[in-house]
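Breakdown of the fold
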Amino acid sequence: MAERSFNLVVPLAHKATAMRNEETDRRSADRSSAVSRLSNRSGDVDSTIFPAGLGIRTSTTATRTTTNRTTGSVPEPSADRGPFSFAELVEAYLDCRRTKRNSNAALAFEMRLEGNLRRLYDELVDGSYTPGRSKCFVITRPKPREVWAAAFRDRIVHHLIYNRIGTCFERSFIADSCACIKGRGTLYAAARLEAKIRSITQNWTRPAYYLKCDLANFFVSIDKRILRELLLSKISEPFWRELTELVLMHDPRTDFEYRGDPAMMQLVPRHKRLLEQEPYMGLPIGNLSSQFFANVYLDVLDQRAKHVLGARHYIRYVDDFLFLHESAVRLNEMLADVTGFLPKRLGVQINPRKTILQPIERGVDFVGQVIKPWRRYTRRRTFSEGLRRVSVTPAGELMPVANSYFGLLRQASASHYDRANLANVLRDRGYTVNKQFTQTYRRSHKC
(Lines give C-alpha, C1' and ligand atoms only; values in the text may rest on other atoms or scores of the structure.)
Protein backbone atom coordinates (compact mmCIF):
# COMPACT_ATOMS: atom_id res chain seq x y z
CA MET A 1 0.00 0.00 0.00
CA ALA A 2 1.35 3.40 -0.91
CA GLU A 3 2.22 5.66 2.00
CA ARG A 4 0.10 8.74 2.61
CA SER A 5 1.51 11.80 4.34
CA PHE A 6 -0.85 13.91 6.44
CA ASN A 7 0.16 17.57 6.72
CA LEU A 8 -2.73 19.10 8.61
CA VAL A 9 -1.50 22.60 9.37
CA VAL A 10 0.08 24.99 6.91
CA PRO A 11 2.82 27.14 8.54
CA LEU A 12 2.02 30.82 8.94
CA ALA A 13 4.22 33.14 6.91
CA HIS A 14 5.10 35.42 9.82
CA LYS A 15 6.43 32.45 11.82
CA ALA A 16 8.86 31.31 9.13
CA THR A 17 11.89 32.78 10.94
CA ALA A 18 10.95 31.16 14.24
CA MET A 19 10.52 27.84 12.52
CA ARG A 20 13.96 28.06 10.90
CA ASN A 21 15.51 28.80 14.29
CA GLU A 22 13.66 25.90 15.84
CA GLU A 23 14.82 23.60 13.04
CA THR A 24 18.41 24.63 13.61
CA ASP A 25 18.08 23.84 17.31
CA ARG A 26 16.44 20.53 16.52
CA ARG A 27 19.25 19.47 14.17
CA SER A 28 21.81 20.36 16.80
CA ALA A 29 19.96 18.25 19.34
CA ASP A 30 19.81 15.35 16.90
CA ARG A 31 23.55 15.46 16.36
CA SER A 32 24.14 15.36 20.11
CA SER A 33 21.68 12.44 20.51
CA ALA A 34 19.77 14.51 23.06
CA VAL A 35 16.43 13.99 21.27
CA SER A 36 15.28 11.16 19.05
CA ARG A 37 13.19 12.48 16.13
CA LEU A 38 11.52 9.11 15.67
CA SER A 39 10.76 8.45 19.31
CA ASN A 40 7.38 7.04 20.23
CA ARG A 41 7.26 8.15 23.85
CA SER A 42 3.99 9.24 25.46
CA GLY A 43 3.51 12.93 24.78
CA ASP A 44 5.44 13.07 21.50
CA VAL A 45 3.53 14.93 18.81
CA ASP A 46 4.29 12.28 16.19
CA SER A 47 2.76 9.47 18.21
CA THR A 48 -0.13 11.58 19.53
CA ILE A 49 -1.47 13.06 16.31
CA PHE A 50 -0.65 10.25 13.94
CA PRO A 51 -0.61 6.82 15.62
CA ALA A 52 1.42 4.28 13.76
CA GLY A 53 -0.56 2.25 11.29
CA LEU A 54 -0.33 0.48 7.97
CA GLY A 55 0.31 2.89 5.13
CA ILE A 56 0.52 6.01 7.36
CA ARG A 57 3.64 8.16 7.48
CA THR A 58 3.91 11.16 9.74
CA SER A 59 4.99 14.55 8.43
CA THR A 60 7.84 16.39 10.16
CA THR A 61 6.48 19.66 8.79
CA ALA A 62 3.15 19.08 10.51
CA THR A 63 5.04 18.11 13.69
CA ARG A 64 7.06 21.31 13.83
CA THR A 65 4.12 23.56 13.05
CA THR A 66 1.79 21.85 15.50
CA THR A 67 4.35 22.14 18.27
CA ASN A 68 4.55 25.88 17.73
CA ARG A 69 0.83 26.60 17.47
CA THR A 70 -0.92 24.19 19.83
CA THR A 71 1.41 23.72 22.77
CA GLY A 72 -0.64 23.11 25.89
CA SER A 73 -3.97 22.72 24.09
CA VAL A 74 -3.81 19.04 23.11
CA PRO A 75 -5.52 16.63 25.55
CA GLU A 76 -3.58 13.84 27.14
CA PRO A 77 -2.78 11.41 24.29
CA SER A 78 -4.41 8.02 24.26
CA ALA A 79 -3.52 5.06 22.05
CA ASP A 80 -5.88 3.80 19.35
CA ARG A 81 -8.24 1.60 21.28
CA GLY A 82 -11.44 1.61 19.27
CA PRO A 83 -12.78 -0.15 16.20
CA PHE A 84 -11.04 2.40 13.98
CA SER A 85 -7.70 4.17 14.09
CA PHE A 86 -7.10 7.84 14.72
CA ALA A 87 -5.55 8.00 11.26
CA GLU A 88 -8.94 7.06 9.78
CA LEU A 89 -10.49 10.03 11.55
CA VAL A 90 -7.75 12.28 10.18
CA GLU A 91 -8.46 11.01 6.67
CA ALA A 92 -12.19 11.67 7.15
CA TYR A 93 -11.33 15.22 8.25
CA LEU A 94 -9.20 15.78 5.15
CA ASP A 95 -12.03 14.51 2.95
CA CYS A 96 -14.51 16.76 4.74
CA ARG A 97 -12.48 19.95 4.43
CA ARG A 98 -11.58 19.39 0.76
CA THR A 99 -14.18 21.83 -0.54
CA LYS A 100 -14.91 23.63 2.76
CA ARG A 101 -11.44 24.80 3.73
CA ASN A 102 -12.34 28.51 3.88
CA SER A 103 -15.73 28.17 5.56
CA ASN A 104 -16.12 29.66 9.03
CA ALA A 105 -16.93 26.27 10.54
CA ALA A 106 -13.85 24.62 9.02
CA LEU A 107 -11.56 27.46 10.12
CA ALA A 108 -12.95 27.40 13.66
CA PHE A 109 -12.40 23.64 13.88
CA GLU A 110 -8.85 23.99 12.55
CA MET A 111 -7.91 26.56 15.17
CA ARG A 112 -7.73 23.71 17.71
CA LEU A 113 -7.35 20.96 15.18
CA GLU A 114 -5.49 18.25 17.09
CA GLY A 115 -7.48 18.78 20.26
CA ASN A 116 -10.78 18.76 18.41
CA LEU A 117 -9.92 15.59 16.51
CA ARG A 118 -8.71 13.81 19.62
CA ARG A 119 -11.83 14.85 21.53
CA LEU A 120 -14.06 13.64 18.71
CA TYR A 121 -12.16 10.36 18.54
CA ASP A 122 -12.57 9.76 22.27
CA GLU A 123 -16.29 10.56 22.14
CA LEU A 124 -16.83 8.12 19.30
CA VAL A 125 -14.90 5.35 21.01
CA ASP A 126 -16.47 5.69 24.47
CA GLY A 127 -19.98 6.09 23.04
CA SER A 128 -20.62 9.64 24.27
CA TYR A 129 -20.79 11.20 20.79
CA THR A 130 -24.04 12.93 19.87
CA PRO A 131 -24.75 15.00 16.72
CA GLY A 132 -24.67 18.74 17.22
CA ARG A 133 -26.72 21.67 16.01
CA SER A 134 -27.56 21.88 12.31
CA LYS A 135 -28.03 24.95 10.16
CA CYS A 136 -31.11 25.38 7.99
CA PHE A 137 -31.49 27.80 5.09
CA VAL A 138 -33.42 28.15 1.85
CA ILE A 139 -32.02 28.32 -1.68
CA THR A 140 -34.06 29.63 -4.59
CA ARG A 141 -32.20 28.26 -7.65
CA PRO A 142 -33.14 26.27 -9.56
CA LYS A 143 -36.23 26.28 -7.32
CA PRO A 144 -36.96 27.04 -3.64
CA ARG A 145 -35.59 24.26 -1.51
CA GLU A 146 -34.89 23.67 2.16
CA VAL A 147 -31.23 22.78 2.88
CA TRP A 148 -29.79 21.42 6.11
CA ALA A 149 -26.09 21.53 6.95
CA ALA A 150 -24.72 19.49 9.84
CA ALA A 151 -22.03 20.88 12.14
CA PHE A 152 -18.50 20.49 10.78
CA ARG A 153 -17.50 17.82 13.32
CA ASP A 154 -20.65 15.86 12.43
CA ARG A 155 -19.75 16.03 8.74
CA ILE A 156 -16.40 14.47 9.65
CA VAL A 157 -18.31 11.59 11.22
CA HIS A 158 -20.39 11.26 8.03
CA HIS A 159 -17.19 10.89 6.00
CA LEU A 160 -15.82 8.41 8.55
CA ILE A 161 -18.92 6.21 8.17
CA TYR A 162 -18.89 6.47 4.39
CA ASN A 163 -15.17 5.63 4.16
CA ARG A 164 -15.69 2.52 6.25
CA ILE A 165 -19.01 1.06 5.02
CA GLY A 166 -19.46 2.74 1.64
CA THR A 167 -17.43 0.21 -0.30
CA CYS A 168 -19.43 -2.69 1.12
CA PHE A 169 -22.64 -1.27 -0.33
CA GLU A 170 -21.24 0.12 -3.56
CA ARG A 171 -19.88 -3.28 -4.56
CA SER A 172 -23.48 -4.47 -4.87
CA PHE A 173 -24.73 -1.37 -6.71
CA ILE A 174 -25.36 -1.74 -10.41
CA ALA A 175 -23.02 0.08 -12.80
CA ASP A 176 -25.88 2.36 -13.84
CA SER A 177 -26.40 3.80 -10.35
CA CYS A 178 -24.86 7.29 -10.31
CA ALA A 179 -24.37 10.23 -7.90
CA CYS A 180 -22.32 10.22 -4.68
CA ILE A 181 -20.12 7.43 -6.02
CA LYS A 182 -16.52 8.13 -6.94
CA GLY A 183 -16.20 8.46 -10.71
CA ARG A 184 -19.97 8.39 -11.27
CA GLY A 185 -21.03 12.01 -11.47
CA THR A 186 -23.10 13.85 -14.05
CA LEU A 187 -20.50 13.41 -16.81
CA TYR A 188 -20.42 9.65 -16.23
CA ALA A 189 -24.23 9.49 -16.28
CA ALA A 190 -24.57 11.55 -19.48
CA ALA A 191 -21.85 9.64 -21.33
CA ARG A 192 -23.23 6.27 -20.23
CA LEU A 193 -26.74 7.18 -21.31
CA GLU A 194 -25.45 8.34 -24.68
CA ALA A 195 -23.69 4.99 -25.12
CA LYS A 196 -26.90 3.14 -24.27
CA ILE A 197 -28.85 5.23 -26.77
CA ARG A 198 -26.31 4.52 -29.51
CA SER A 199 -26.54 0.83 -28.66
CA ILE A 200 -30.32 0.51 -28.75
CA THR A 201 -30.68 2.69 -31.89
CA GLN A 202 -27.68 1.16 -33.67
CA ASN A 203 -26.04 4.58 -33.94
CA TRP A 204 -29.28 6.45 -34.59
CA THR A 205 -30.39 4.16 -37.44
CA ARG A 206 -33.31 2.48 -35.64
CA PRO A 207 -36.26 3.98 -33.75
CA ALA A 208 -36.54 3.54 -29.98
CA TYR A 209 -38.31 5.14 -27.02
CA TYR A 210 -37.36 6.34 -23.58
CA LEU A 211 -39.30 6.52 -20.31
CA LYS A 212 -38.07 9.13 -17.86
CA CYS A 213 -39.40 9.18 -14.29
CA ASP A 214 -38.89 11.33 -11.23
CA LEU A 215 -39.85 10.61 -7.62
CA ALA A 216 -42.13 13.13 -5.94
CA ASN A 217 -40.60 14.90 -2.91
CA PHE A 218 -38.02 12.15 -2.65
CA PHE A 219 -35.82 13.13 0.31
CA VAL A 220 -38.69 14.10 2.61
CA SER A 221 -40.57 10.91 1.63
CA ILE A 222 -37.84 8.49 2.72
CA ASP A 223 -38.98 6.24 5.55
CA LYS A 224 -35.99 5.96 7.88
CA ARG A 225 -37.34 2.76 9.40
CA ILE A 226 -37.14 1.01 6.03
CA LEU A 227 -33.74 2.54 5.35
CA ARG A 228 -32.44 1.36 8.73
CA GLU A 229 -33.30 -2.23 7.83
CA LEU A 230 -31.51 -1.91 4.49
CA LEU A 231 -28.39 -0.47 6.12
CA LEU A 232 -28.12 -2.80 9.09
CA SER A 233 -28.63 -5.87 6.92
CA LYS A 234 -25.11 -5.40 5.52
CA ILE A 235 -23.28 -3.98 8.55
CA SER A 236 -22.09 -6.68 10.94
CA GLU A 237 -19.81 -4.80 13.39
CA PRO A 238 -21.74 -3.56 16.45
CA PHE A 239 -19.89 -0.24 16.63
CA TRP A 240 -20.62 0.71 13.02
CA ARG A 241 -24.21 -0.49 13.30
CA GLU A 242 -24.79 1.78 16.31
CA LEU A 243 -23.02 4.78 14.80
CA THR A 244 -24.81 4.45 11.46
CA GLU A 245 -28.18 4.17 13.22
CA LEU A 246 -27.37 7.18 15.40
CA VAL A 247 -26.59 9.36 12.37
CA LEU A 248 -29.56 8.06 10.39
CA MET A 249 -32.19 8.42 13.08
CA HIS A 250 -30.96 11.77 14.39
CA ASP A 251 -33.64 14.41 13.88
CA PRO A 252 -31.96 17.77 13.05
CA ARG A 253 -35.24 19.58 13.71
CA THR A 254 -34.80 19.13 17.46
CA ASP A 255 -31.78 21.47 17.51
CA PHE A 256 -31.08 23.77 14.58
CA GLU A 257 -30.29 27.35 13.68
CA TYR A 258 -32.16 29.01 10.84
CA ARG A 259 -30.03 31.23 8.59
CA GLY A 260 -31.54 33.93 6.41
CA ASP A 261 -34.89 35.65 6.12
CA PRO A 262 -37.64 33.56 7.80
CA ALA A 263 -40.02 34.67 5.05
CA MET A 264 -37.95 32.64 2.57
CA MET A 265 -39.27 29.44 4.14
CA GLN A 266 -42.72 30.31 2.84
CA LEU A 267 -41.39 29.90 -0.71
CA VAL A 268 -40.93 26.18 -0.07
CA PRO A 269 -44.22 24.23 -0.36
CA ARG A 270 -45.27 22.62 2.91
CA HIS A 271 -45.17 19.09 1.49
CA LYS A 272 -41.50 19.63 0.58
CA ARG A 273 -40.35 20.84 3.99
CA LEU A 274 -38.56 18.49 6.33
CA LEU A 275 -39.96 20.56 9.19
CA GLU A 276 -43.48 19.38 8.31
CA GLN A 277 -42.72 15.63 8.29
CA GLU A 278 -43.04 12.95 10.95
CA PRO A 279 -39.88 12.33 13.05
CA TYR A 280 -39.15 9.04 11.25
CA MET A 281 -39.62 10.53 7.78
CA GLY A 282 -37.19 12.39 5.57
CA LEU A 283 -33.45 12.93 5.19
CA PRO A 284 -31.86 16.39 5.39
CA ILE A 285 -30.71 17.63 2.00
CA GLY A 286 -27.10 18.81 2.18
CA ASN A 287 -25.22 16.05 4.02
CA LEU A 288 -22.98 13.34 2.55
CA SER A 289 -24.76 10.77 4.69
CA SER A 290 -28.11 11.66 3.12
CA GLN A 291 -26.75 11.23 -0.40
CA PHE A 292 -25.20 7.88 0.44
CA PHE A 293 -28.30 6.66 2.29
CA ALA A 294 -30.46 7.69 -0.69
CA ASN A 295 -28.40 5.44 -2.96
CA VAL A 296 -28.84 2.54 -0.56
CA TYR A 297 -32.59 3.21 -0.46
CA LEU A 298 -33.06 3.27 -4.22
CA ASP A 299 -30.78 0.30 -4.84
CA VAL A 300 -33.99 -1.69 -4.25
CA LEU A 301 -35.43 -0.04 -7.37
CA ASP A 302 -32.24 -0.66 -9.35
CA GLN A 303 -32.23 -4.34 -8.52
CA ARG A 304 -35.87 -4.70 -9.52
CA ALA A 305 -35.30 -2.89 -12.81
CA LYS A 306 -32.42 -5.19 -13.72
CA HIS A 307 -33.44 -8.57 -12.30
CA VAL A 308 -37.24 -8.50 -12.31
CA LEU A 309 -38.12 -6.22 -15.21
CA GLY A 310 -35.06 -7.32 -17.19
CA ALA A 311 -34.29 -3.76 -18.26
CA ARG A 312 -31.05 -3.88 -20.19
CA HIS A 313 -30.97 -0.15 -20.84
CA TYR A 314 -31.64 1.56 -17.51
CA ILE A 315 -29.86 4.33 -15.60
CA ARG A 316 -30.51 6.33 -12.41
CA TYR A 317 -29.11 9.56 -11.02
CA VAL A 318 -30.40 10.13 -7.45
CA ASP A 319 -34.21 10.06 -7.90
CA ASP A 320 -34.27 10.53 -11.68
CA PHE A 321 -34.28 7.24 -13.59
CA LEU A 322 -34.72 6.31 -17.21
CA PHE A 323 -35.60 3.21 -19.25
CA LEU A 324 -34.86 2.66 -22.95
CA HIS A 325 -36.67 0.14 -25.16
CA GLU A 326 -37.65 -0.48 -28.77
CA SER A 327 -41.30 -0.81 -27.75
CA ALA A 328 -43.40 1.93 -26.17
CA VAL A 329 -45.84 -0.77 -24.99
CA ARG A 330 -43.10 -2.46 -22.98
CA LEU A 331 -42.12 0.86 -21.42
CA ASN A 332 -45.72 1.39 -20.33
CA GLU A 333 -45.64 -2.02 -18.68
CA MET A 334 -42.47 -1.07 -16.81
CA LEU A 335 -44.06 2.20 -15.72
CA ALA A 336 -47.08 0.35 -14.34
CA ASP A 337 -44.81 -2.03 -12.43
CA VAL A 338 -42.64 0.58 -10.73
CA THR A 339 -45.67 2.79 -10.06
CA GLY A 340 -47.17 0.01 -7.96
CA PHE A 341 -43.92 -1.32 -6.51
CA LEU A 342 -42.36 1.89 -5.13
CA PRO A 343 -45.17 2.97 -2.75
CA LYS A 344 -45.60 -0.57 -1.45
CA ARG A 345 -41.90 -1.34 -0.87
CA LEU A 346 -40.30 2.06 -0.22
CA GLY A 347 -43.18 4.42 0.45
CA VAL A 348 -42.26 6.81 -2.38
CA GLN A 349 -44.28 7.73 -5.44
CA ILE A 350 -43.55 8.67 -9.03
CA ASN A 351 -44.30 12.26 -9.98
CA PRO A 352 -46.78 11.95 -12.87
CA ARG A 353 -46.13 15.51 -14.06
CA LYS A 354 -42.48 14.67 -14.72
CA THR A 355 -43.04 11.31 -16.37
CA ILE A 356 -42.05 11.41 -20.05
CA LEU A 357 -42.49 8.71 -22.71
CA GLN A 358 -41.48 9.69 -26.23
CA PRO A 359 -39.15 8.77 -29.14
CA ILE A 360 -35.45 9.12 -28.48
CA GLU A 361 -34.88 11.09 -31.67
CA ARG A 362 -36.68 14.08 -30.13
CA GLY A 363 -33.90 14.38 -27.58
CA VAL A 364 -33.33 13.05 -24.07
CA ASP A 365 -32.85 15.61 -21.27
CA PHE A 366 -30.88 14.03 -18.42
CA VAL A 367 -28.51 15.39 -15.72
CA GLY A 368 -28.42 18.84 -17.30
CA GLN A 369 -27.54 17.67 -20.81
CA VAL A 370 -29.64 16.99 -23.89
CA ILE A 371 -28.77 14.01 -26.09
CA LYS A 372 -29.85 14.22 -29.71
CA PRO A 373 -28.65 12.42 -32.85
CA TRP A 374 -24.88 12.83 -33.10
CA ARG A 375 -24.56 15.53 -30.43
CA ARG A 376 -24.84 16.13 -26.70
CA TYR A 377 -25.17 19.69 -25.45
CA THR A 378 -25.89 21.57 -22.22
CA ARG A 379 -29.52 22.17 -21.30
CA ARG A 380 -30.61 25.61 -22.57
CA ARG A 381 -31.93 26.70 -19.20
CA THR A 382 -28.59 25.92 -17.55
CA PHE A 383 -26.67 27.71 -20.30
CA SER A 384 -28.87 30.82 -20.08
CA GLU A 385 -28.43 30.91 -16.32
CA GLY A 386 -24.66 30.71 -16.78
CA LEU A 387 -24.65 33.70 -19.13
CA ARG A 388 -26.80 35.67 -16.70
CA ARG A 389 -24.60 34.94 -13.71
CA VAL A 390 -21.38 35.76 -15.53
CA SER A 391 -22.82 39.08 -16.70
CA VAL A 392 -23.87 40.23 -13.19
CA THR A 393 -21.28 38.63 -10.87
CA PRO A 394 -18.99 41.23 -9.20
CA ALA A 395 -15.47 41.46 -10.62
CA GLY A 396 -13.85 40.10 -7.46
CA GLU A 397 -15.85 36.86 -7.66
CA LEU A 398 -16.12 36.46 -11.42
CA MET A 399 -13.13 34.27 -12.32
CA PRO A 400 -14.09 31.15 -10.30
CA VAL A 401 -17.72 31.46 -11.40
CA ALA A 402 -16.81 31.81 -15.07
CA ASN A 403 -14.27 28.98 -15.00
CA SER A 404 -16.77 26.68 -13.29
CA TYR A 405 -19.23 27.30 -16.14
CA PHE A 406 -16.49 26.67 -18.69
CA GLY A 407 -15.87 23.34 -16.98
CA LEU A 408 -19.57 22.52 -16.96
CA LEU A 409 -19.98 23.33 -20.66
CA ARG A 410 -16.94 21.26 -21.60
CA GLN A 411 -18.67 18.13 -20.31
CA ALA A 412 -20.95 18.26 -23.36
CA SER A 413 -19.51 16.92 -26.61
CA ALA A 414 -21.10 19.75 -28.64
CA SER A 415 -20.12 22.80 -26.58
CA HIS A 416 -17.85 24.98 -28.74
CA TYR A 417 -20.61 27.42 -29.70
CA ASP A 418 -21.82 27.75 -26.10
CA ARG A 419 -18.30 28.33 -24.79
CA ALA A 420 -17.70 30.95 -27.48
CA ASN A 421 -20.81 32.85 -26.37
CA LEU A 422 -19.66 32.70 -22.75
CA ALA A 423 -16.22 33.94 -23.79
CA ASN A 424 -17.81 36.92 -25.57
CA VAL A 425 -19.58 37.95 -22.37
CA LEU A 426 -16.29 37.79 -20.47
CA ARG A 427 -14.39 39.76 -23.11
CA ASP A 428 -17.06 42.44 -23.03
CA ARG A 429 -16.30 42.77 -19.32
CA GLY A 430 -12.58 43.16 -20.02
CA TYR A 431 -11.37 39.63 -19.24
CA THR A 432 -8.94 37.48 -21.22
CA VAL A 433 -10.04 34.03 -22.44
CA ASN A 434 -7.76 31.38 -23.94
CA LYS A 435 -8.20 30.41 -27.57
CA GLN A 436 -9.82 27.07 -26.71
CA PHE A 437 -12.60 28.90 -24.80
CA THR A 438 -11.98 26.81 -21.70
CA GLN A 439 -10.66 29.28 -19.13
CA THR A 440 -10.52 32.97 -18.25
CA TYR A 441 -7.38 34.31 -16.63
CA ARG A 442 -7.42 37.98 -15.67
CA ARG A 443 -8.81 41.38 -16.50
CA SER A 444 -7.06 42.91 -19.51
CA HIS A 445 -8.11 46.48 -18.65
CA LYS A 446 -10.35 48.41 -16.32
CA CYS A 447 -14.03 48.39 -17.13
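Reference entry: report on the structure contained in this document. Keep in mind that what you see is a predicted model, and the values were worked out from it rather than measured.

**Points about the sheet that holds strand S4 (residues 145–149)**
Spatially, S4-S3-S7 is the arrangement adopted by the 3 strands of the open sheet, whose pairing is mixed. Each edge of the open sheet carries a strand with a single partner, namely S4 and strand S7 (256–258). The average angle at which neighbouring strand axes cross in this sheet is 30°, direction not considered. Bridge analysis of strand S3 (residues 134–139) against S4 gives 5 bridges, and the strand direction is antiparallel. Counterpart to phenylalanine 137 in the pairing with S4 is valine 147.

**Observations concerning the environment of leucine 387**
When you line up the elements, leucine 387 lands in helix H14 (residues 380–392). For the pair leucine 387 and alanine 423, spaced 36 residues apart in sequence, the C-alpha to C-alpha distance is 9.6 Å. Beyond its immediate stretch of four places on either side in the chain, leucine 387 contacts Asn421, Leu422 and Val425.

**Some thoughts on the sheet that holds strand S13 (residues 375–378)**
Judged by pairing direction, the sheet is antiparallel, and its 3 strands sit side by side in the order S11-S12-S13 without closing on themselves. Edge positions in the sheet fall to strand S11 (364–366) and S13, since each of these pairs with one other strand and no more. Between one strand and the next, the sheet's axes are offset by a mean angle of 25°, whatever the strand orientation. Inspection of the sheet shows strand S12 (residues 369–372) paired to S13 by 4 bridges, in the antiparallel sense. Within the sheet, the bridge partner assigned to isoleucine 371 lies in S13 and is arginine 376. On top of the sheet, helix H8 (residues 186–200) reaches S11, S12 and S13; it is set at about 15° to S12, its chief contact.

Cut-offs and rules
- Residues numbered from 1 in each chain as written.
- Predicted model: local features only at pLDDT ≥ 70, side-chain atom pairs only at ≥ 80, totals over all residues.
- Heavy atoms only, no water.
- Pairing = 2+ DSSP bridges.
- Helix = DSSP H or I, 4+ residues; strand = E, 2+ residues; numbered from the N terminus.
- Axes fitted to C-alpha atoms, helices over the stretch in contact; angles between N-to-C directions.
- Contact = heavy atoms within 4.5 Å.

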